[in-house]
Amino acid sequence: MNEKFCPNKETHLQPVLATTVQEQLQGGEEKDKMPLLFTLICNELGVSREDILSYDLCLADTQPAVIGGALNEFLFSPRLDNLLNTYTAVEALIESCENDGLREDPNIRMVSLFDNEEVGSESAQGAASSLQEWILRRLSVSSGSLTAFEEAMPKSYMLSADQAHAVHPNYSEKHEDNHRAELHKGIVIKINSNQRYATTAITSAILKEVGKRAQVPLQEFVVRNDSPCGSTIGPIMAAKLGMPTADIGAPQLSMHSIREMCCTTSVMQCIMLYKEYFKSYPSVYASLNF
């Protein structure tokens, strides 16, 4: 008995769109007739085949997110990793700017959203590009200092917000006993001694103070010593910019499945934490002695 399912990515993952029998019944198989998929796309867009010069096509779950569970405490949705943090970060940035929230802020508040994280980030639109560095350099230009950018980087602080693996009750032995991320228990600080995560003692301390002010619980995740550890864009960007960074995320199950699952609590907690971070980081940084 084969106990391990290992699909062949070339032959086992092809989508089934229609049968040739039905296509023949509807007048298919003409040599000058364009493929059925293009017919569907052109009809949906209201264009002709000649109007499409090039394309990227990806399969995606089109069903909307839903709230479920016996107590309506779970959020089921495609791409929670990492649209949850994308949405909550932008929402928190907007809310932090209300009521003249920027007037007295000595810092620049910024959210960076990148593509291609799951395939290495090595692209013009990925985190390994120079995009964020160039933007920050332009923002920090000063006639009074030629090294304004270089001086600003170690005084800055970056949250690498990506989803975290929550402990699954059916596979609890896969998690380190004292550092299990649990649903409803707060936002997760991710730590790894091999630098798969960018969190340090200092960046963790800063975030804990922000969490205390925001009244948002935090929990720590450390992978088992006998298990490989995933990574995020945190180490990539921390190394590139020399900026203190903490890797965090909301706990979730079924990571990278077509339908992922997290708790509704995390949406509110992320917004509250990120909003407080934008508002209070300067005072938190000033209050700590390193």
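Notes on the structure follow. Given the structure is predicted, the values throughout are model-derived calculations rather than measurements.

### Thoughts on the packing of aromatic side chains
Within a pair of aromatic rings, the relevant descriptors are the distance that separates the centres and the angle that separates the planes. What the rule picks out here adds up to 7 aromatic pairs. Between Phe74 and Phe76 the ring centres are 6.3 Å apart and the planes differ by 70 degrees, which places this aromatic pair in the edge-to-face class. Under the relative-accessibility criterion, Phe76 is labelled partly exposed at 23%. For the ring pair Tyr277 and Phe278, a centre distance of 5.3 Å and an interplane angle of 40 degrees mean the geometry is tilted. Like Phe278, Tyr277 is buried.

### What about the sheet that holds strand 2 (residues 74-77)?
Overall, mixed pairing links the 5 strands, which are arranged 1-2-9-8-4 in an open sheet. With one partner strand each, in any of the chains shown, strand 1 (66-68) and strand 4 (164-165) form the two edges of the open sheet. One ladder, built from 3 bridges, connects strand 1 with strand 2; its direction is antiparallel. For Ile67, the partnering residue across the bridge sits in strand 2 and is Leu75. Packing against the sheet, helix 3 (residues 80-96) makes contact with strand 2, strand 8 (251-253) and strand 9 (260-263), and its axis sits at approximately 40 degrees to strand 9.

### Focus on the nonpolar core
Within the largest apolar cluster, 26 residues are counted, with the highest numbers of intra-cluster contacts made by Tyr157, Leu159, Ile248, Leu273 and Tyr274. For this core, the elements supplying multiple residues, two or more each, are helix 3, strand 5 (187-191), helix 6 (201-214), strand 7 (245-249) and helix 8 (265-287). Residue contributions to this core peak at 7 residues, all from helix 8. Among residues more than four places away in sequence, those in contact with Ile248 are Leu159, Ser160, Ala161, Asp162, Ile187, Val188, Ile189, Lys190, Leu207, Leu273 and Tyr274. Counting 10 residues, the second-largest nonpolar core is a separate cluster that includes Phe114, Ala127, Phe149 and Met153.

### Describing the environment of Ile206
Looking at where Ile206 falls in the secondary structure, it is placed in helix 6. Note: C-alpha distance between Ile206 and Ser121 (85 residues apart in sequence) is 27 Å. Apart from residues lying up to four places away in sequence, Ile206 is in contact with Tyr157, Tyr281, Val284, Leu288 and Phe290.

### Digging into the packing of helix 4 (residues 131-139) against helix 7 (residues 234-241)
Where helix 4 contacts helix 7, the two axes come as close as 10 Å, and the packing angle between them is 45 degrees. Comparing their axes, helix 7 and helix 4 come out oblique. Handedness of the crossing formed by helix 4 with helix 7: right-handed. In this structure, helix 4 uses Gln132, Glu133 and Leu136 to contact helix 7, whose residues at the interface are Met237, Lys240 and Leu241. For the contact of helix 4 with helix 7, the per-class residue count stands at 3 nonpolar, 1 polar and 2 charged.

### Focus: the layout of surface pockets
Each pocket or cavity is described by its volume, and for the second largest pocket that value is around 580 Å³. In terms of lining, the second largest pocket is formed by 29 residues, of which the most central are His165, Tyr197, Phe221, Gly230 and Met255.

### Focus: the side chain of Ser96
In this fold, Ser96 is placed in helix 3. Here the side chain of Ser96 touches Leu93 through a polar contact of 2.8 Å, landing on its backbone oxygen. For Ser96, the residues in contact, after removing those within four places along its chain, are Gly101, Arg109, Lys275, Phe278 and Lys279.

### Thoughts on the packing of helix 6 against helix 8
Packed helix pairs are characterised by how far apart their axes lie and by the angle those axes make with each other. Remark: helix 6 packs on helix 8, axes separated minimally by 8 Å, with the N-to-C direction vectors making an angle of 120 degrees. With respect to helix 8, the element helix 6 is oriented oblique. The handedness of the crossing between helix 6 and helix 8 is right-handed. Contacts between helix 6 and helix 8 involve Ile206, Leu207, Glu209, Val210, Gly211, Arg213 and Ala214 from the first element and Met272, Leu273, Glu276, Tyr277, Ser280, Tyr281, Ser283, Val284 and Ser287 from the second. A class-by-class count of the residues in the contact of helix 6 with helix 8 yields 9 nonpolar, 4 polar and 3 charged.

### Side note on the sheet that holds strand 6 (residues 218-222)
On the basis of which strands lie adjacent, the open sheet formed by 4 strands has the order 3-7-5-6 and mixed pairing. At either end of the open sheet lies a strand with only one pairing partner, and these are strand 3 (158-161) and strand 6. Pairwise comparison of adjacent strand axes, ignoring direction, gives a mean angle of 40 degrees for this sheet. Sheet analysis places strand 5 next to strand 6, joined by 5 bridges and oriented parallel. For Ile187, the partnering residue across the bridge sits in strand 6 and is Leu218.

Rules behind the numbers
Residues numbered from 1 in each chain as written. Predicted model: local features only at pLDDT ≥ 70, side-chain atom pairs only at ≥ 80, totals over all residues. Heavy atoms only, no water. Phe/Tyr/Trp six-rings, centres within 6.5 Å; stacked < 30°, edge-to-face > 60°. Buried < 20%, exposed > 50% of the residue type's maximum accessible area, 1.4 Å probe, protein only. Pairing = 2+ DSSP bridges. Helix = DSSP H or I, 4+ residues; strand = E, 2+ residues; numbered from the N terminus. Contact = heavy atoms within 4.5 Å. Axes fitted to C-alpha atoms, helices over the stretch in contact; angles between N-to-C directions. Core = buried A, V, L, I, M, F, W, Y, C linked by side-chain atoms within 4.5 Å. Parallel < 35°, antiparallel > 145°, perpendicular 65-115°, else oblique. Left-handed = near helix turned anticlockwise from the far one by under 90°. Nonpolar A, V, L, I, M, F, W, Y, C, P; charged D, E, K, R; others polar. 1 Å grid on protein atoms, 1.4 Å probe; cavity = no way out; pocket = protein on both sides within 12 Å on 5 of 7 lines; lining within 4 Å. Points joined across faces, edges and corners; volume = space filled by probe spheres on them. Polar contact = N/O pair within 3.5 Å; in protein donor to acceptor, adjacent residues only side chain to side chain.

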